[in-house]
Amino acid sequence: MKMIKTIDFKRKTIRALSIISSIVSITMLVITILGYFQRITLPFSPILILIIGSLFSILIALSAVGLWTYKNWARSIIFSLAILVILYFFITTIFKFAVIVFGGKEVTPIPIILRTFFNFFIVKLSYKIAIPFILILIFRYQEEGFIENQAQRNFFDNSIRYVLLLAASSSLFIVALIFIFTFSESTLAIEEIGLEEMLTGTIWRPGSIIGNDTAQLGMVPMIIGSIYSTIGAVVIGVPLSVGTAILLAEIAPQIVRDIFRPLIELLAGIPSVIYGLFGMIVLAPLIRNFEVSGNSGFGLLNASIVLAIMILPTITNITEDALNAVPDAYRKASYGLGATKWQTIRTVVLPAARSGIIAAIILGIGRALGETMALIMVIGNSIAIPTPLNENPFTLLLATARTLTGNIAVEINYAAGAHRSALFFTGVLLFLLLLIINRVAHYMMRERKP
Amino acid sequence: MATARKLLKYKPSKFDYKKNLRARNISQKIAFGIIWLCAAIAVAALIAIVGYVLINGLPAVNLEFITTRPAGGVSGEGGMSTTIVTTIYLVIITTVIAAPLGVLAAVYIVEYAEETETGGSFIFAIVKYARIGVEILAGVPSIVFGLFGFIVFVSRLKLNFSLLSAGLSGACLVLPVIIRTTEEAVMAVPRSYREGSLALGTTKWQTISGVVLPAATPGIVTGIVLSIGRVIAETAIFWVTLGGSYRLPRDIMSSGRTMALHVYSLASETRAFDKALGTSAILIIIIVALNLAINLSSRQFAKKFSGK
């Protein structure tokens, strides 16, 4: 009997809330209309007022209708709106608070921080979010007053599927957008300069710098720079990473694995600028010790070493997975024939894991081709085709160069017209190249599985 | 025929087993030595980089360095206070955009994929291509994301160089990370959980939101922490979308500079290497802490479903 009474009371409150929210909705609609025709001044632009105001008033009106019949979805709408409002105030207050604390030349002293924290953050924020917070509390207390029937649940269940579908197709949507936009931006360069000129021209000279000379936008120097640095990284990095993977998967005792594996994972997480910084500060002076005229320390050798360290975790992880995927029966059969451990690894395990290892190397190449900032810092960024510094062909390693990725990052902020368009064409090239590389790698990895 | 002839010619009596074994053992020792050397070089490189940055960077780090604002320009004076705040802003914006989207997408790919197989071919095609889309997105180099963000958010949508455009581009970058880890986490939830919930008469979405997602939370958190690490470490994409102002962003539409960008700017524009190293040291400490958090949460997740 008592329970029925409380529910009855709760339902009455819900009806009251429904009336209140219908009033709020109408008021908001009036404010929106007045604000849109600028009869009253609001701190937003008219179009924003129209969109947000009408959206909110419609939602509140909807929930008022729902609340009148104790519908559960009306409660959800009010809940989400209240949380949105709280979030909005929270974010704006945080920005203002951060400006007070960090905005000056130095961080304000701690007593002042504390004072502003209490005066500004706590007091002002709680003053702003009081109403939505109380609403949430009331609705939490009224939970039993609402009804949720099967039809409503089924409707929600069916409609959420399409929301999820929308989310799932977002990745596809982004891929399509990336391709469409970079490609449409690059059409200008294709029309004005021509594909052949860009892909085979050996001089990169954006006209805007030279003056009234026509722009020459040949990408061969950058393509060669990318290829050379990637080859260097593969030559240095692949033996190291495959060796590490064999050690971790086959040879090392458990303790070594437990130490090495997190270290390799850490290597993958370190920001690429730190590798670049290391190349600049440590490797460049070391390389400068080679007494060759024109050797600045920056160039292909430096870039290859830095890149080799950066692709190491990628190759190591995937190779290790491939080695671990080789069935233990293969190894046991090999041992049973009298083979030593190394013979087993060399003649049984490595061939069995071959496609996985190749996939790992291909993915490593992809990572090396896509790397940008670290390379800008160590490769020297000259626009010429890298050539040996003297008769000795090995001095090619000391020559400066520029990669495709680096070219985009260095020039995009001031490029315009055909020049900018050519940079977007570089982006399209990289996108397609890495698409092919990753598809091949995934194909190889899938082939591995029985 | 040829192999048979070879077998006939095979004379085991002339075979010196001991010598052969010794040679094989020696070759194994040499090979293992080379492999150990490779791994040692790899780990030594890591220790050299981390050690160098920490040893040379930490002396520059003190309270004053952390609490003063970068002076800007080419002098390289000042600290890094605003870059820390900007990094936190960017991490929050990126996560708020990418995490719900990624989790919902992964839930669809895992939970609804099988039922659409029998359903309409169009929806099935979308799920199939959504998976490929995630794979492609994971392989796109970050500078291409940067170009995309630059053309769409910065110039076409006129958001300019701002936290919002950088956050949107960053969300595209970390979306595949979150989708993949969430997919794995949701797949790891035992079937019995779902069946138990469905037997109580819940709808599919109620099962997912009430049982599957809470059970998969540690895995999802791992994915989000991973993506936070990506955002903190990423430079190229923010170089072309965030601008690089050393001032504090006053709202979501203003330009800023993350810690990684600060390292790049200091190293390439000012040559204030000590400050760059100091910022790098703090970055490395953050990354190590994030890695520890990931290890902890994934271990917890593995413990939860093992032996059950």
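Model, not experiment: these values are computed from the prediction. (Residues numbered from 1 in each chain as written. Chains lettered and ligands numbered in written order. Predicted model: local features only at pLDDT ≥ 70, side-chain atom pairs only at ≥ 80, totals over all residues.)

**Student:** Give a description of the overall build of chain A that names residues and reports values.
**Tutor:** Along chain A, the regular secondary structure elements total 18 helices and two strands. Taken over the C-alpha trace, chain A has a radius of gyration of 32 Å; the compact-globule value for 450 residues is 22 Å, which it surpasses by more than 25%. Projecting the C-alpha coordinates of chain A onto the three principal axes gives extents of approximately 95 × 75 × 55 Å. The burial tally for chain A puts 38% of its 450 residues in the buried class. The contacts of chain A with a sequence gap of at least 6 include a subset with a gap of at least 24, amounting to 73%. (Helix = DSSP H or I, 4+ residues; strand = E, 2+ residues; numbered from the N terminus. Rg over C-alpha atoms; globule rule 2.2 N^0.38 Å. Buried ≥ 20, exposed ≤ 12 C-beta atoms within 10 Å, placed from the backbone. Contact = placed C-beta atoms within 7 Å.)

**Student:** Can you tell me about the overall build of chain B, naming the residues and giving the values?
**Tutor:** Scanning chain B from N- to C-terminus turns up twelve helices and zero strands. Along chain B, helices (α) and strands (β) appear in the sequence α-α-α-α-α-α-α-α-α-α-α-α when read from the amino end. Considering chain B as a whole, with its 308 residues, one finds that 47% of them fall into the buried category. A separation threshold of at least 6 residues defines the contact pool for chain B, and within that pool the share at least 24 residues apart is 71%.

**Student:** Quick rundown of the interface of chain A and chain B? Include the residues and the values.
**Tutor:** How big an interface is tends to be stated in terms of accessible area lost as the parts join. On the chain B side, the residues contacting the 80 residues of chain A number 84 residues. Among the elements that make up the side of chain A that touches chain B, the one with the highest residue count is helix 5 (residues 150-168) of chain A (eleven residues). Residues belonging to the side of chain A that touches chain B are distributed by class as follows: 51 nonpolar, 21 polar and eight charged. (Nonpolar A, V, L, I, M, F, W, Y, C, P; charged D, E, K, R; others polar.)

**Student:** Account for the environment of Ile286 of chain B, with residues named and values stated.
**Tutor:** The topology assignment puts Ile286 of chain B in helix 12 (residues 273-305). Between the C-alpha atoms of Ile286 of chain B and Ala185 of chain B, which are 101 residues apart in sequence, the distance is 25 Å.

**Student:** Residues and numbers for the domain arrangement of chain A, please.
**Tutor:** Parsing chain A into structural domains produces domain 1 (2-147) and domain 2 (195-448). Averaged C-alpha coordinates put domain 1 of chain A and domain 2 of chain A at centres separated by 52 Å. (Domains from an automatic or database assignment.)

**Student:** Please give an account of the domain arrangement of chain B that cites residues and values.
**Tutor:** Residue and element names in this part refer to chain B. Entries for chain B in the domain assignment read domain 1 (18-60) and domain 2 (66-305). Each of domain 1 and domain 2 has a C-alpha centre, and these two points are 34 Å apart. Every contact between the two is made by seven residues of domain 1 and, on the other side, seven residues of domain 2.

**Student:** Can you tell me about the packing of helix 12 (residues 300-324) of chain A against helix 15 (residues 354-370) of chain A, naming the residues and giving the values?
**Tutor:** Residue and element names in this part refer to chain A. Remark: helix 12 packs on helix 15, axes separated minimally by 8 Å, with the N-to-C direction vectors making an angle of 155 degrees. Taken together, the axes of helix 12 and helix 15 lie roughly antiparallel to each other. For helix 12 against helix 15, the interelement crossing comes out right-handed. Of the residues in helix 15, those touching helix 12 at Leu307, Met310, Ile311, Thr314, Ile315, Ile318, Thr319, Asp321 and Ala322 are Gly356, Ile357, Ala359, Ala360, Ile361, Leu363, Gly364, Arg367 and Ala368. Residues of the contact of helix 12 with helix 15, tallied by class, amount to twelve nonpolar, four polar and two charged. (Axes fitted to C-alpha atoms, helices over the stretch in contact; angles between N-to-C directions. Parallel < 35°, antiparallel > 145°, perpendicular 65-115°, else oblique. Left-handed = near helix turned anticlockwise from the far one by under 90°.)

**Student:** I'd like to hear about the confidence of the model for chain B, residue by residue, with values.
**Tutor:** Confidence along chain B averages 84 in pLDDT terms, with 89% of residues attaining 70 or more. Taken over the whole predicted complex, pTM reads 0.85, whereas the ipTM for its chain interfaces reads 0.87. (pLDDT = per-residue confidence, 0-100.)

**Student:** Talk me through the nonpolar core; I want residue IDs and the actual numbers.
**Tutor:** As a rule of thumb, nonpolar side chains are buried together in soluble globular proteins. By size, the foremost hydrophobic cluster in this structure holds 192 residues, and its most contacted members are Ile274 of chain A together with Ala105 and Val263 of chain B. The leading source of residues in this core is helix 4 (residues 81-118) of chain B, at 17 residues. Setting aside chain neighbours within four positions, we find Val263 of chain B in contact with Val273, Ile274 and Leu277 of chain A together with Ala276, Thr279 and Ser280 of chain B. The next biggest cluster of nonpolar side chains, apart from the first, holds nine residues, and it includes Ile14, Leu17, Leu67 and Phe139 of chain A. (Core = buried A, V, L, I, M, F, W, Y, C linked by C-beta atoms within 7 Å.)

**Student:** Describe helix 11 (residues 272-287) of chain A, and please don't skip the residues or the numbers.
**Tutor:** In the structure, helix 11 of chain A departs most strongly from a straight axis at Gly279 of chain A, where the bend amounts to approximately 35 degrees. Listed in full, the buried residues belonging to helix 11 of chain A are Ser272, Val273, Ile274, Tyr275, Gly276, Leu277, Phe278, Gly279, Met280 and Ile287 of chain A. (Bend = angle between axes of the 7 residues up to and from the residue.)

**Student:** So what about unusual backbone geometry? Which residues, and what values?
**Tutor:** Even without glycine at this site, Asn381 of chain A takes up a positive phi of about 60 degrees. Phi at Lys158 of chain B is positive, roughly 55 degrees, even though this residue is not glycine. Among the structural elements, Lys158 of chain B can be located in the loop between helix 6 (142-156) and helix 7 (163-188).

**Student:** For the environment of Thr86 of chain B, give the residues involved together with the corresponding values.
**Tutor:** All names here are of chain B. Examined against the element boundaries, Thr86 turns out to sit in helix 4. Taking the C-alpha atoms as reference points, Thr86 and Met187, separated by 101 residues in sequence, lie 35 Å from one another. Once residues lying within four places of it in the same chain are set aside, the contact partners of Thr86 are Pro249, Gly256, Arg257 and Thr258.

**Student:** Describe the packing of helix 7 of chain B against helix 9 (residues 204-233) of chain B, and please don't skip the residues or the numbers.
**Tutor:** Residues and elements named next belong to chain B. Remark: helix 7 packs on helix 9, axes separated minimally by 8 Å, with the N-to-C direction vectors making an angle of 150 degrees. It follows from the interaxial angle that helix 7 and helix 9 lie roughly antiparallel. Helix 7 and helix 9 meet at a crossing whose hand is right-handed. Of the residues in helix 9, those in contact with Gly170, Leu173, Val174, Val177, Ile178, Thr181, Thr182, Glu184, Ala185, Val186 and Ala188 of helix 7 are Val212, Ala216, Gly219, Ile220, Thr222, Gly223, Ile224, Leu226, Ser227, Arg230 and Val231.

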